[in-house]
Structures are given as C-alpha cells and as structure tokens.
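Chain residues, written in single-letter form:
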Amino acid sequence: MQNIHTYVQEHKDRFINELLELLKIPSVSADTAYKDDVIRTAKEIEKSLRAAGCDIVEICETPGYPIVYGEKIVDKNLPTVLVYGHYDVQPPDPIDLWDSPPFEPVIKKTEIHPEGAIFARGSCDDKGQMYMHVKALEIMTKTGQLPCNVKFMIEGEEEVGSKSLSWFVERNQEKLANDVILISDTGMIAKDVPSITTGLRGLSYVEVEVTGPNRDLHSGLYGGAVANPINILTKMIASLHDENNHITVPGFYDKVEDLSAEERAEMAKAPFSLDNYKKSLDINAVYGEEGYTTNERNSIRPTLDVNGIWGGYTGEGAKTVIASKAYAKISMRLVPNQDWEEITELFSKHFENIAPEAVTVKVTPHHGGQGYVTPIDNVGYKAASKAYQDTFGKTPIPQRSGGSIPIVSLFEKELKSKTILMGFGLDSDAIHSPNEHFGVWNYLKGIETIPLFYKYFTELSK
Ligand code: BES
Ligand code: MN
Ligand code: MN
C-alpha cells in the first residue's frame, strides 16, 4: 500500500492535536456529574467519523450512554471489519497524584517514550487507541485505498460494564454483521517486541457488607463483647486465600482450564525481566499463587482481590468506636471456562457460610463477564500478524492478557465472529492510574499498522 507512511508524516501534528482536543473532555462514565461531558464526547466522535469518510454516522440512543455507529461500505461483496472502542474513561482520582491536570493533555518525554507521550486520562485507555482507527480510516478514504467495508461501534460505558452495549448488540445483529471484529484496547509487550493479545480474563465484581450491632458503639463500653464488623470482615477476607495463595472458595477452580506443559513453555519464551518488573513497581519481591510464574499469575490464572475497603472512623485524629457496618469491593479475574455468574454464586454462598453468627452478611453482584481466547490459525490473526511484520519488521508474539473486556465474549455469541486485539499501549502507560499516558510513537505506529490489517484481511479472505 502506498503513501500511508508519508500521509502519517504529513498529517501527524493534526492527528495529535485532534486527539488532544478529545482528551480535554472529561468523559467519566462512573460519575453522573460528568454526564454532559460524556454525551458531548459522543458528538465529537460522530463528527470525526464523518470527517474521516464514513457514509453513515449515527448517535444511537440506549437506556444509558449513546453508542456512536459509523460505516463505510465499499462493496457488499467485500469483507466487513467491525471496529469497537470506547470513548468513556476511568475517574481521574486521586487527582493530587497527577503531575499535570488529567483533562489538560500535555506531551512530555519519558525514558520509554523519548519521542514524547501524551499525558491525560483516556490517552491510552481508550480514546487514543480508538482514535487511531478513525485516522486509519481517514488515510484509507483520502488516498482511495480502502480495500474492504468498515463499521464502527464506539461505546460510552466500557469502564462501568457495557450494559447498554449488550442491549444494543442484541437488538442490532444485522446492522452489525461483520467478518471480523477489530479492537485496540489492550497493550503490547514493548516497543521493539510487538504482540497480539490472544486472551482476556473474565470478571466477577461484587460488593460485600458486614453488619454487626444496630448502631456505632463506644469501643470501651462494648469492645470485646460484641462482634466488630471491621475485624470480622478482614478476617473473612484473609481466609479467602490459603498459605499457597490459592483461593479457598469451594468449587472456584473446578472449571479452570489447565495449560499443557508445552503451552506454558511457549508462554515462557516471551521476553520478560523480573528485575525490571520489580524495579518499575518499586517492590522487593513479587507475590502470588505458588507454582506459577509472574506472567502466568497475571494471565492464565484466576485471582481474587479487594479493590477497596471501608468502615468506621477514618477522619483526622482518633475516635473510639465499633462501627455498625464494614464494606469491601472484591473482584475476581476469571480464565476460560469459568462462568462469571456461577463464580459469583459460589462466592456469595461461601462468604455467607464463613460469617460468624454474630454478624449478618450481604453480597451484591456488580457486573461481570466471561473471559476470551482467540485461536491464532484464523484469517484475522494472520492478517494482523502480517500487518505488524510490515510496520515493526518483526513477527508479533501471541500473548494472553490479564485485563478484561467482557463484551468480547458477547460479540462472539451474538455476532458469531472472532475478535482480533491489536493493542499498542504499554503496561507502563499507567492506564487507570494517575499520569496515564500514550506514546506518540505508539499512536502513529498504530495508525500505520491498522490499514495494513484491512489490506491483508481482504487478501487472505479471498
Ligand atoms: N482496556 C481495558 C482492558 C485491558 C487493558 C485489557 C489492558 C488488556 C490490557 C478496559 O478498559 C478495562 O479497564 N476493563 C476493565 C473491566 C471493565 C468491566 C471495567 C478491567 O479490566 O478492569
Ligand atoms: Mn479500555
Ligand atoms: Mn479501562
């Protein structure tokens, strides 16, 4: 394909500036205070899809935030790629820990990104990566080289569980008909080690509430004689892992897929430095399930983590009190074959079972989704692999990720097509953390690689 590299070089300043504008809108889906901004972001994406050459662009209303749909149909007989991405972002908290305001994007050089990185909430997850696809379409239409049909489906609730997207997909199977789904919402191993994500973990997210006495009590008058919900909750949580860091919920591992020794050996070939890993996190040692490596622990093994815990007095100074209630938010990352609803059920039962009589326990499921693995012997994977070979000069490594995009398994069920995960972020880009950033090099490389996916997917589909 001609001129893609040249086109990117000629237009890169504008490509960057357009993304910076998009990043200025705080589209935080978790917090209703940002509602107008989330909706404004959808409208901006609508405009950008039209400018990039889509023939049809619609803002599709849902029970929640709208979905932006766009399409460029070249010829009904050609293959169709459905691009998915999300325009919502995580809350920026804790804001104090940002070196620059989260919604005032700046470009700064870092050790890993000497060409500069864009610092802003959503720069990598997922506005920056989603926008690469908008620019890739622009290149293809402006240079008259689009070899296939492209559809876009950009949602605004990914970070809060994609409820409205499920609703939308179930009702629009025909509109969304495609031959492959393409997503850039994951990462790659390193700038000189391209990789394609071949697996995502599932998720079960619950909130637990432990109630003791009917009111907060004086910890001198009552302490020692009634159950302290915070003491009990922490004890219950501690019991959820054994001394080998196995999860103790009965039945939790029943359906976990066991990888063969060969598959594990293949995984271990991916370049990884435990020293650099520890250094990058300022930790003296890693920690996790006995019998598994760090890369296995964070991809092919299920986990259980407390994401937040609260109760009692946390203000300034001291208050002597036994709280009436204690709470925690708990997530379980799941692997293929584990069913998230079944796991939620197993967890709830177990948590209620281990509670002493002196307290009552309530478990409220939040959201969840199934894991996903994609084979590497299909046309989509092969096309992606060839695209990376052209732009990175290397064959990408297939890699299973620890993160979750729960909607991907629903795509397979409802739309009957495979998803290809071409992520261009790095683990060090601090997604969901303060100072999230996305390398300018990664952004432009993504824009260059995506059109080649279209080319090879069309050729290999013949
Ligand atoms: N883009 C991430 C998921 C991701 C990141 C996968 C990096 C692989 C590598 C996505 O936006 C995300 O944050 N997903 C959530 C789940 C969702 C239901 C809130 C997650 O993984 O915590
Ligand atoms: Mn994302
Ligand atoms: Mn995210």
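Quick caveat: nothing in here was measured; it's all calculated off a predicted structure.

**Quick word on the site of ligand 1**
So, step 1. Taken together, the neighbourhood of ligand 1 is formed by 15 residues, with E158, D185, R333, S404 and H432 sitting nearest.
So, step 2. D125 places a side-chain nitrogen or oxygen 3.1 Å from an oxygen atom of ligand 1.
So, step 3. One nitrogen or oxygen atom from the side chain of D185 is found 2.8 Å from a nitrogen atom belonging to ligand 1.
So, step 4. Protein contacts shield 88% of the accessible area of ligand 1, which totals 520 Å² for the unbound molecule.
So, step 5. Of the residues in the shell around ligand 1, the class split is three nonpolar, seven polar and five charged.
So, step 6. Two domains share the shell around ligand 1, each providing at least three of its residues, namely domain 1 (4-200 + 371-460) and domain 2 (202-256 + 302-368).

**A look at the pattern of salt bridges**
Proximity of charged atoms lets side chains of opposite charge pair with each other.
So, step 1. Inspection of every chain in the model, using the stated rule, returns 22 salt bridges.
So, step 2. Across the pair R14 and E138 runs a salt bridge whose closest N-O atoms are separated by 2.6 Å. With a gap of 124 residues between them, R14 in helix α1 (residues 4-23) and E138 in helix α3 (residues 127-142) connect regions that are remote in the sequence.
So, step 3. Owing to a relative accessible area of 32%, R14 belongs among the partly exposed residues under this scheme.
So, step 4. The class of E138 is buried, set by a relative accessible area of 5%.
So, step 5. With its nearest N and O atoms 2.7 Å apart, the salt bridge here joins E18 to K135. Placement of E18 in helix α1 and of K135 in helix α3 is noted, with a sequence separation of 117 residues between them.
So, step 6. Given a relative accessible area of 24%, E18 falls into the partly exposed group.

**Side note on the domain arrangement of the protein**
So, step 1. Assigned domains of the protein: these are domain 1 (4-200 + 371-460) and domain 2 (202-256 + 302-368).
So, step 2. Once you take the C-alpha centre of each, domain 1 and domain 2 turn out to be 36 Å apart.
So, step 3. Listed by partner, the interface residues are ten residues for domain 1 and six residues for domain 2.
So, step 4. Contact between domain 1 and domain 2 buries roughly 590 Å² in total, counting both sides, with carbon and sulfur atoms accounting for 55%.
So, step 5. The largest share of the area that domain 1 buries against domain 2 comes from G371, S404 and P406, three residues that together contribute 51% of it.
So, step 6. Inspection of the domain 1/domain 2 interface yields one residue pair in polar contact (both at pLDDT 80 or more).
So, step 7. Class assignment of the residues belonging to the side of domain 1 that touches domain 2 gives a composition of four nonpolar, five polar and one charged.

**Quick notes on the sheet that holds strand β11 (residues 303-311)**
So, step 1. With antiparallel pairing, four strands are arranged side by side in an open sheet as β11-β13-β9-β14. Only two strands of the sheet have a single partner each, and these edge strands are β11 and β14 (360-369). Sheet twist, expressed as the average angle between the axes of neighbouring strands with direction ignored, equals 20 degrees.
So, step 2. The sheet contact formed by strand β9 (residues 202-211) and β14 spans nine bridges and is antiparallel. Note that in β14 the partner of V206 across the bridge is P365.
So, step 3. Against the sheet, helix α5 (residues 229-238) makes contact with β9, β11, β13 (325-334) and β14, and its axis sits at roughly 15 degrees relative to β13, the strand it touches most.
So, step 4. On the sheet, helix α9 (residues 340-353) packs against β9, β11, β13 and β14 and is oriented at approximately 165 degrees with respect to β14.

**Brief notes about the sheet that holds strand β4 (residues 106-108)**
So, step 1. One open sheet holds the three strands; their spatial order is β4-β5-β18, and the pairing between them is antiparallel. Two strands close off the open sheet at either side, each with one partner strand: β4 and β18 (437-439). This sheet shows a mean twist of 30 degrees between the axes of neighbouring strands, independent of strand direction.
So, step 2. In the sheet, strand β5 (residues 117-119) pairs with β18 via three bridges, with the strands oriented antiparallel. By the bridge assignment for β18, A117 is matched with G439.

**Description of the packing of aromatic side chains**
So, step 1. Applying the stated criterion across every chain yields a total of 13 aromatic pairs.
So, step 2. Ring geometry for F453 and F457: centres 5.6 Å apart, planes at 15 degrees, overall stacked. Of the two residues, F453 and F457 are both situated in helix α12 (residues 440-461); the distance of four residues between them amounts to about one turn of the helix. Residue F453 shares its accessibility class with F457, and that shared class is buried.
So, step 3. Aromatic ring contacts, followed pair by pair, group Y388, F392, F424 and W441 into a single cluster.
So, step 4. Its end group placed over the ring of F119, K108 keeps NZ or CZ at 4.6 Å from the ring centre.
So, step 5. In this structure, K175 packs its charged tip against the face of Y69, placed 4.8 Å from the ring centre.

**Description of the environment of D179**
So, step 1. Turning to its location among the elements, D179 is positioned in the loop between α4 (163-171) and β7 (180-183).
So, step 2. Residue classification places D179 among the partly exposed positions, given a relative accessible area of 45%.
So, step 3. Considering only alpha carbons, one finds D179 and L415, 236 residues apart in sequence, at a separation of 9.2 Å.
So, step 4. Once residues within four sequence positions are removed from consideration, D179 is found in contact with P79, T80, S417 and F457.

**Considerations on the layout of surface pockets**
So, step 1. What the second largest pocket holds in volume is close to 440 Å³.
So, step 2. At the level of elements, α4, α9, β14 and α11 (407-415) are the ones that each hand at least two residues to the lining of the second largest pocket.
So, step 3. Residues of the lining of the second largest pocket, tallied by class, amount to five nonpolar, nine polar and three charged.
So, step 4. Among the domains, domain 1 (4-200 + 371-460) and domain 2 (202-256 + 302-368) are the pair contributing at least three residues each to the lining of the second largest pocket.

Quick notes on the rules
Residues numbered from 1 in each chain as written. Chains lettered and ligands numbered in written order. Predicted model: local features only at pLDDT ≥ 70, side-chain atom pairs only at ≥ 80, totals over all residues. Heavy atoms only, no water. Near = heavy atom within 4 Å. Polar contact = N/O pair within 3.5 Å; in protein donor to acceptor, adjacent residues only side chain to side chain. Areas by Shrake-Rupley, 256 points an atom, 1.4 Å probe, with all protein chains shown as cover. Nonpolar A, V, L, I, M, F, W, Y, C, P; charged D, E, K, R; others polar. Domains from an automatic or database assignment. Salt bridge = Lys/Arg side-chain N within 4 Å of Asp/Glu carboxyl O. Helix = DSSP H or I, 4+ residues; strand = E, 2+ residues; numbered from the N terminus. Buried < 20%, exposed > 50% of the residue type's maximum accessible area, 1.4 Å probe, protein only. Contact = heavy atoms within 4.5 Å. Buried area = accessible area lost by both parts, 1.4 Å probe. Pairing = 2+ DSSP bridges. Axes fitted to C-alpha atoms, helices over the stretch in contact; angles between N-to-C directions. Phe/Tyr/Trp six-rings, centres within 6.5 Å; stacked < 30°, edge-to-face > 60°. Lys NZ or Arg CZ within 6 Å of the ring centre and 35° of its normal. 1 Å grid on protein atoms, 1.4 Å probe; cavity = no way out; pocket = protein on both sides within 12 Å on 5 of 7 lines; lining within 4 Å. Points joined across faces, edges and corners; volume = space filled by probe spheres on them.

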